[in-house]
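So the chains spell out like this:
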Amino acid sequence: MGEAILKHTVLQPSAALRPFVKRFESIHSFTERSHTLLPDTSLVACFRLGGVALQGASALPAAGISGLQDRARTVTHLAGSHVLLTVFTEAGATAFLHEPLDQLLNQMTPIECLLRRSQLNEVQEQLIETGGLAGGTAVLERFLLSQLRTEAPDPMIEAAIKGIQKQHGTLRIEKLAPAMGLSLSALERRFRKSVGTSPRRFASIVRMRHVLRLRETGQNLTEIAYRAGYCDQSHFIKDFKNLTGSAPEVFFRHLDTFC
């Protein structure tokens, strides 16, 4: 067997945090590695316990919030990089942050810009002391519970998210808004603030992720385009390339470099 490249561990949050947090992840890179992160539907809080990570030539912050990303980006983890991630539910991050989430779109924002420095220092010191995933997760759980500003995510936005996900991103937002008793502009504002992007852009990410799942079943690109609700191949290729940076046939030839 070859030498391990990384150790990736996932833990589930406590019951009190499940409406807001999907999971905690610990990723320890033993060798230098580069990979392309695809757009996804969750904001992520990142605390670096060791090593360095780069996006392009710039070092990523030791503690940061990755806003919703609607385009692919490449990250390089140097050997010894160890990061602890909090992956929020689609409408969960707004329960901890005061800023409208669309201000964080396509940004990796240092957490010190969003929290008091004293709070951040205390959390970082405790994380470094614990070192391990279980201890670090316990630190983050206590910290998040102390910052929680609401008992549950916005039920209207959660319903909109579920509607979009149920139809794999093909739901027309013009029909969704009146079905929820909102004008299109009201839904847009509320969705951007709570989720981090517009409902249309969110739906396009959901649709792209559905395409990836369809490909895992072995279907060819023509079948996938049809199943994903595209009216023609050119629309499918344009949409896919906008989100991933690659045309579908190129992307799927190099799938192991994406995540």
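Parameters and conventions
Residues numbered from 1 in each chain as written. Predicted model: local features only at pLDDT ≥ 70, side-chain atom pairs only at ≥ 80, totals over all residues. Heavy atoms only, no water. Phe/Tyr/Trp six-rings, centres within 6.5 Å; stacked < 30°, edge-to-face > 60°. Buried < 20%, exposed > 50% of the residue type's maximum accessible area, 1.4 Å probe, protein only. Helix = DSSP H or I, 4+ residues; strand = E, 2+ residues; numbered from the N terminus. Lys NZ or Arg CZ within 6 Å of the ring centre and 35° of its normal. Core = buried A, V, L, I, M, F, W, Y, C linked by side-chain atoms within 4.5 Å. Contact = heavy atoms within 4.5 Å. Salt bridge = Lys/Arg side-chain N within 4 Å of Asp/Glu carboxyl O.

## Looking at the packing of aromatic side chains
At step 1: Evaluated as defined, the whole model comprises eight aromatic pairs.
At step 2: Seen in terms of ring centroids, Phe88 and Phe96 are 5.6 Å apart; in terms of plane orientation they differ by 40°. Their pairing is tilted.
At step 3: With a relative accessible area of 4%, Phe88 lands in the buried category.
At step 4: Taking relative accessible area as the criterion, Phe96 reaches 7% and is therefore assigned buried.
At step 5: With a centroid separation of 5.4 Å and an interplanar angle of 70°, the aromatic rings of Phe191 and Phe202 are classed as edge-to-face. Pair noted here: Phe191 is in helix H5 (residues 184-195) and Phe202 is in helix H6 (residues 199-216), with a separation of eleven residues, a long-range link. Like Phe202, Phe191 is buried.
At step 6: Here a set of aromatic residues connected by ring pairs shows up, and it is made of Tyr230, Phe236, Phe240, Phe251 and Phe252.
At step 7: Seen from the ring of Tyr230, Arg207 lies directly overhead, with NZ or CZ sitting 3.7 Å from the centre.

## Considerations on the nonpolar core
At step 1: Ranked by size, the top nonpolar core spans 46 residues in total, and within it Phe88, Ile164 and Leu187 carry the most contacts.
At step 2: Tallying contributions element by element places helix H2 (residues 133-147) first for this core, with five residues.
At step 3: If we ignore the near neighbours within four places in the chain, the residues touching Ile164 are Gly169, Leu171, Ile173, Leu176, Phe191, Pro199, Phe202, Ala203 and Val206.
At step 4: Formed by 16 residues, the second largest nonpolar core is a distinct cluster that contains Ile205, Met208, Leu214 and Phe252.

## Focus on the environment of Leu148
At step 1: Structurally, the position occupied by Leu148 is in the loop between H2 and helix H3 (155-166).
At step 2: For Leu148, a relative accessible area of 28% gives the class partly exposed.
At step 3: Here the alpha-carbon distance between Leu148 and Lys162, two residues 14 residues apart in the chain, equals 23 Å.

## Comments concerning the pattern of salt bridges
At step 1: A full pass over the atoms with the stated rule returns nine salt bridges.
At step 2: Between Arg190 and Asp154 there is a salt bridge, with its nearest N and O atoms 2.8 Å apart. Of the two residues, Arg190 sits in helix H5 while Asp154 sits in the loop between H2 and H3, which places them 36 residues apart along the sequence.
At step 3: On the accessibility criterion, Asp154 (19% relative accessible area) is buried.
At step 4: The residue Glu188 makes a salt bridge to Arg200 at a minimum N-O spacing of 2.8 Å. Of this pair, Glu188 sits in helix H5 while Arg200 sits in helix H6, and the two are twelve residues apart along the sequence.
At step 5: Judged by relative accessible area, Arg200 falls into the partly exposed class, the value being 37%.

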